[in-house]
Every structure is written in C-alpha cells, then in structure tokens.
Amino acid sequence: MIQLRTYVYIDSLQPQLAAYMASVSQGFLPVPGDAALWIEVSPAMAIHRLTDIALKATRVHLSQQVIEREFGAMVVHHRDQSDVREAGRVVLQRMGASQQDRTACKITWKEIIRGMMPDHTVLINRQGRRGSMILPEQSMFILETDPAGYVIYAANQAEKAANITLVDVRAVGAYGRLTIAGKEADVDEAAAAAIHAVENPSWT
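Residues numbered from 1 in each chain as written. Predicted model: local features only at pLDDT ≥ 70, side-chain atom pairs only at ≥ 80, totals over all residues. Heavy atoms only, no water.

Quick one: what's the story with the packing of aromatic side chains, residue by residue and with numbers?
Evaluated as defined, the whole model comprises zero aromatic pairs. Note that arginine 5 overlies the ring of phenylalanine 71, its terminal NZ or CZ placed 3.7 Å from the centroid. Taking the ring centre of tryptophan 203 as reference, the NZ or CZ of arginine 102 above it sits at 3.9 Å. (Phe/Tyr/Trp six-rings, centres within 6.5 Å; stacked < 30°, edge-to-face > 60°. Lys NZ or Arg CZ within 6 Å of the ring centre and 35° of its normal.)

Take a look at the structure:
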C-alpha cells in the first residue's frame, strides 16, 4: 500500500525557485515558466515505479528523485502544463489514489525576524544554503512544514506575491524548511502568501 504524502502542482515556476531547483537537481534542469509536479510517497522505494509510469506516459522531464529511509520524492516538469497534469493523473491512477488522499500539511513553525544582525546573516549564508544571500538589516521569514514537499509550493507563491530573496528551500526529509528575506513590507506579504499556499495547496 503506497501512501501519498505530498502532491503539489505548480503552474509556472518563478525565476528564483527554478534556479534554486536547478542548483540541486541531478536530472533535467527546470527553467522559469515550466509547470512542475512534486510527489512524495511512502514507502520510499515505490517512487521508482511511479517515476517510470510518469515518464513513459508523458513528455515530462525528471529533475529530482530523492529516496530516503522512509519517504521517496520525485519532481517532474515540462513547458506544457497538460503533460505535467497528465503525469499526475497516471501516477494517481497507478496508486489507486486521488489528490484528496495526500497528507494534510501542518505548519510546525513560522516566524518573521526583523532587522537581522550581521553576525546572524553571515552564519546563515555559510550554512550550505543554495539560494541567494541574506543581508544585515533585512527581515527574514522562516517556515517549517510536515510533510516537507509543501514548502516548494510555498516558495513559489511567496516569490509570485512580493519582491523577496529566496535564501533556502529544503523540501526533503521529515520537515520542509523555507527561508526568505527582503524589505519588511515585502517579507510580510510573501509570508502571508506562503502560509496561504500550504494551507490551500494546489490541485492539478
């Protein structure tokens, strides 16, 4: 029995998120404007069969496949939204599941820290982040979710909503973690969009 943990459809990858995903991708690199689908399941090894089904049934490209101890995840993308939607449909059909079966997202932490200090920003910038740097005096929004994959959608919607800097997006593991930075008003707007996104995740 395969459990559907995360199922998130993105209609148009925003420039910073697309670049971030490309920096960690081991497969075909996404570009801004691509539609994308993030699927996470348990047990982890089941993701191989689901990936095979999606690739054989459509023209989607595989950008990431992550297999952990408990959970497996894949990210497919294509310029044509209909291919990405169809990939999701055939995967769900193979699982005997529907989008409604996905695990509801829980926000385990959310916070805005204003007027960041130089010591703090330097440390964050050196902690293996893949995105842009956070600068002193900027505001920072941090979000943690369970399951992890939902932070991808949160990041995309935050970038759509405001002029922010995407610092880090960790969408695998037990928890997902998002870090964004920018001017106070922009971070406030982006944070509201990110929270709304995980509370109302997208459908295909």
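Once the structure has been displayed, the description carries forward.
Outline the UniProt feature "domain: BMC circularly permuted" (unreviewed entry) in the protein chain, supporting the account with residue identities and numerical values.
Here, UniProt's "domain: BMC circularly permuted" (unreviewed entry) annotation points to residues 3-105 and 106-204. This span, residues 3-105, is 36% helix and 29% strand, and a straight line between its end C-alpha atoms measures 14 Å. Secondary structure content for residues 106-204 is 36% helix and 29% strand, and the end C-alpha separation is 21 Å. (UniProt positions renumbered as here; feature names shortened; annotations may be inferred. Helix = DSSP H or I, 4+ residues; strand = E, 2+ residues; numbered from the N terminus.)

Quick one: what's the story with the pattern of salt bridges, residue by residue and with numbers?
Per the stated rule, a full pass over the model turns up 14 salt bridges. For aspartate 52, the salt bridge goes to arginine 49, with nearest N and O atoms at 3.4 Å. Taken together, the residues aspartate 52 and arginine 49, both in helix H2 (residues 46-57) and three residues apart, mark about one turn of the helix. Residue class for arginine 49 comes out partly exposed when judged on its relative accessible area of 48%. (Salt bridge = Lys/Arg side-chain N within 4 Å of Asp/Glu carboxyl O. Buried < 20%, exposed > 50% of the residue type's maximum accessible area, 1.4 Å probe, protein only.)

Lay out the layout of surface pockets with the relevant residues and their values.
Each pocket or cavity is described by its volume, and for the largest pocket that value is around 320 Å³. Ile142, Asp168, Arg177, Leu178 and Thr179 are the residues nearest the centre of the largest pocket, which is lined by 15 residues in total. Residue assignment for the lining of the largest pocket shows that the elements contributing at least two residues are strand E5 (106-113), strand E6 (139-146), strand E7 (165-170) and strand E8 (176-182). In terms of residue class, the lining of the largest pocket is built from eight nonpolar, two polar and five charged. Considering only enclosed or pocket space, the second largest pocket measures out at about 210 Å³ in volume. What lines the second largest pocket is a set of 13 residues, and nearest its centre among them are Tyr20, Val24, Gln64, Val169 and Val172. Counting residues per element, the ones that place at least two in the lining of the second largest pocket are helix H1 (15-24), strand E3 (61-67) and E7. The biggest single contributor to the lining of the second largest pocket is H1, with three residues. Classifying every residue of the lining of the second largest pocket by side-chain character gives nine nonpolar, two polar and two charged. Shared between two domains, the lining of the second largest pocket holds at least three residues of each, these being domain 1 (1-99) and domain 2 (104-197). (1 Å grid on protein atoms, 1.4 Å probe; cavity = no way out; pocket = protein on both sides within 12 Å on 5 of 7 lines; lining within 4 Å. Points joined across faces, edges and corners; volume = space filled by probe spheres on them. Nonpolar A, V, L, I, M, F, W, Y, C, P; charged D, E, K, R; others polar. Domains from an automatic or database assignment.)

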